[in-house]
Amino acid sequence: ANEITLKEFNKIYTILNSPTLGKLEQYCEVFKTLGLPEPIIYDMENDSFIELIKSFNAMEISNELPAKSIEIKGYNYVAYSGDEFKFKTKDLIEIEKCAKRGIDNFPSYILAIIFKREDLSVNEHYEQSHLNLKAKLFEENVNADFAIPYIALVAKRTLKSLEDAK
């Protein structure tokens, strides 16, 4: 994942969540996105293609979060302070809204919501125009290996919060 840009990861996310593509077609599109030539994909024996999918799905996801903050274009964006990342309810609400809208660059929006610019107020941080700008900044300046641990954490914590609320 460390060679995949966040922009490519957004595209892969969209492909794998497409309701109009079948599973095999989804993976064909993913592998094309990753640079595998279409003739190679479509001429591949089925068993080899299934093994390729298994290898892709076996990618290890680190449980360790990357840096607590990141500097992009002269601004410092902070995900958390202290030793442990803790969700704020407002962040989960915003992430849920984005998920329901089905936006194509959802992984970028997760980072845009979690990472807050130090010089802005809470209200400014959650303004849609600011979130759009940050999602684009993350897309252009961060690789997937930075984003994936946060995305995995969002998924795990969201499921846990929903289970705990029952």
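Let us look at the structure shown here. As the structure is a computational prediction, the values presented were derived from the model and not from experiment.

Observations concerning the sheet that holds strand S2 (residues 75–78)
- If you walk across this open sheet you meet the 3 strands as S1-S2-S3, and the pairing is antiparallel. On the outer flanks of this sheet lie strand S1 (69–72) and strand S3 (116–117), each paired with one strand and no other.
- Bridge count for S1 against S2 is 4 bridges, and the pairing is antiparallel. Opposite Glu71, over in S2, you have Asn76 as the bridge partner.
- This element, helix H8 (residues 128–141), spans S1, S2 and S3 of the sheet and lies at about 90° to S1.

Examining the packing of aromatic side chains
- Under the definition given, this model contains 12 aromatic pairs.
- Aromatic side chains Tyr27 and Phe56 sit 6.2 Å apart centroid to centroid with 80° between the ring planes, which places their arrangement in the edge-to-face category. Taken together, the positions of Tyr27 in helix H2 (residues 23–33) and Phe56 in helix H4 (residues 46–57) put the pair 29 residues apart, joining distant regions of the chain.
- Of the residues examined, Tyr27 reaches a relative accessible area of 13% and is grouped as buried.
- Residue class for Phe56 comes out buried when judged on its relative accessible area of 18%.
- Between Phe31 and Phe49, the aromatic rings sit 5.8 Å apart at their centres with planes inclined by 90°, giving edge-to-face as the arrangement. Of this pair, Phe31 sits in helix H2 while Phe49 sits in helix H4, placing them 18 residues apart in sequence.
- Pairwise contacts between aromatic rings join Tyr77, Tyr80, Phe85, Phe115, Phe138, Phe146 and Tyr150 into one cluster.
- Sitting above the plane of the Tyr75 ring, Arg117 keeps its charged end 3.8 Å from the centroid.

Here we look at the nonpolar core
- Formed by 35 residues in total, the largest nonpolar core has its most connected members in Ile70, Leu111, Ile114, Phe115, Phe138, Val142 and Tyr150.
- Among the elements of the structure, helix H1 (6–16), S1, helix H5 (89–101), helix H6 (106–114), H8 and helix H9 (144–164) are those that each provide at least two residues to this core.
- With 8 residues, H9 is the single largest residue contributor to this core.
- Counting residues in each nonpolar core, the second largest holds 10 residues, with Ile12, Ile15, Val30 and Phe31 among its members.

Re the packing of H1 against H2
- Where H1 meets H2, the closest approach of the two axes is 9 Å, and the angle between their N-to-C directions is 170°. Between H1 and H2, the interaxial angle falls into the category roughly antiparallel. Facing Glu8, Lys11, Ile12, Ile15 and Leu16 of H1, the residues of H2 in contact are Lys23, Gln26, Tyr27, Glu29, Val30 and Thr33.
- By residue class, the composition of the contact of H1 with H2 is 5 nonpolar, 2 polar and 4 charged.

Brief notes about H8
- Between its first and last C-alpha atoms H8 spans 20 Å; for 14 residues at 1.5 Å apiece the expected length is 20 Å, and the two agree.
- Among the residues making up H8, those that are buried are His130, Leu131, Lys134, Ala135, Leu137, Phe138 and Glu139.

Thresholds applied
- Residues numbered from 1 in each chain as written.
- Predicted model: local features only at pLDDT ≥ 70, side-chain atom pairs only at ≥ 80, totals over all residues.
- Heavy atoms only, no water.
- Pairing = 2+ DSSP bridges.
- Helix = DSSP H or I, 4+ residues; strand = E, 2+ residues; numbered from the N terminus.
- Contact = heavy atoms within 4.5 Å.
- Axes fitted to C-alpha atoms, helices over the stretch in contact; angles between N-to-C directions.
- Phe/Tyr/Trp six-rings, centres within 6.5 Å; stacked < 30°, edge-to-face > 60°.
- Buried < 20%, exposed > 50% of the residue type's maximum accessible area, 1.4 Å probe, protein only.
- Lys NZ or Arg CZ within 6 Å of the ring centre and 35° of its normal.
- Core = buried A, V, L, I, M, F, W, Y, C linked by side-chain atoms within 4.5 Å.
- Parallel < 35°, antiparallel > 145°, perpendicular 65-115°, else oblique.
- Nonpolar A, V, L, I, M, F, W, Y, C, P; charged D, E, K, R; others polar.
- Expected span 1.5 Å × (residues − 1).

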